[in-house]
Amino acid sequence: MNPVELHNALQIHRPVLGDTVGLALFRLVRLVAMEDILGAGASAVTYYAGKKLGRELGLTKLDDFLALCDQLKIGLIKIPTLTDHLIHVDVCECVTCSGMTPVGRVLCHFEGGLIAGAVGSILKKDVQAREVSCIGGLGNATCGFDLVIP
Ligand SMILES: [Zn+2]
């Protein structure tokens, strides 16, 4: 089976509909279809999928990552803590969960993985992300991620 490469997936030819879709499609795939198929394993699988993707982006500067978040509209990103061993990232208007009625658990494992992978590739370290607050999961104001830098 031939893998679908990143650059190939991002080649978009839709002369009439353009390169954007409604957020509903993303959320149905991300939150409903994937959990349906993967069950309790969905959080780990989506975290590692995000992390692998984040690494493969090949980013070298934190500014490039922020620009990417802006371009993909993952959310409004703030980084209130930035030290050698801990980075805290807050995502407002999270693509995955903002607006949902809280379900009682964090949801944004894909985003956490993506952030960990991208920051890890920038710092050339194996960075782990833990989601400590979640808008649609727990009713918090942001989806917050603690990145532990070894
Ligand atoms: Zn969230």
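Residues numbered from 1 in each chain as written. Predicted model: local features only at pLDDT ≥ 70, side-chain atom pairs only at ≥ 80, totals over all residues.

## Points about the environment of Gln 11
Note the following rule: Per the convention used, a helix needs a DSSP run of H or I reaching at least four residues, while a strand needs a run of E reaching at least two, with both numbered from the N terminus. Counting other C-beta atoms within 10 Å of a residue's C-beta gives its exposure: the residue is buried at 20 or more, exposed at 12 or fewer, and partly exposed in between, where C-beta atoms are placed from the backbone.
Secondary-structure assignment places Gln 11 in the loop between α1 (6-9) and α2 (23-38). Classification of Gln 11 by C-beta neighbours within 10 Å gives exposed; the count is 7. Counting along the chain gives 12 residues from Gln 11 to Leu 23, while the straight-line C-alpha distance between them is 19 Å.

## What to know about the environment of Ala 42
To keep it simple, the criterion reads: Throughout, a pair of residues is in contact if the C-beta atoms placed from their backbones lie within 7 Å.
Checked against the element boundaries, Ala 42 lands in helix α3 (residues 42-56). Taking the C-beta count within 10 Å as the criterion, Ala 42 has 19 such neighbours and is therefore assigned partly exposed. It is 9.9 Å that separates the C-alpha atoms of Ala 42 and Leu 107, two residues lying 65 residues apart in sequence. When residues no more than four places from it in sequence are discounted, the contact partners of Ala 42 are Met 34 and Glu 35.

## Re the sheet that holds strand β3 (residues 128-133)
By way of backbone hydrogen bonds, the strands of a sheet pair with one another, either parallel or antiparallel. Let me state the cut-off plainly: Pairing between strands is defined by DSSP: at least two bridges between the two strands are required. Here, axes are lines fitted to C-alpha atoms. For helices the fit covers the stretch in contact, and angles between N-to-C directions go from 0 to 180 degrees.
Spatially, β1-β2-β4-β3 is the arrangement adopted by the 4 strands of the open sheet, whose pairing is antiparallel. A single partner strand is all that each edge strand has here, and the edge strands are β1 (76-82) and β3. Geometrically, the sheet is characterised by an average inter-axis angle of 25° between neighbouring strands, direction not taken into account. As defined by bridge partners, β1 adjoins strand β2 (residues 86-92) across 5 bridges and the pair is classed as antiparallel. Paired with Leu 82 across the strands is Ile 87, a residue of β2. In the packing of helix α5 (residues 109-123) onto the sheet, the strands contacted are β2, β3 and β4 (143-148), and the crossing angle to β3 comes to about 140°.

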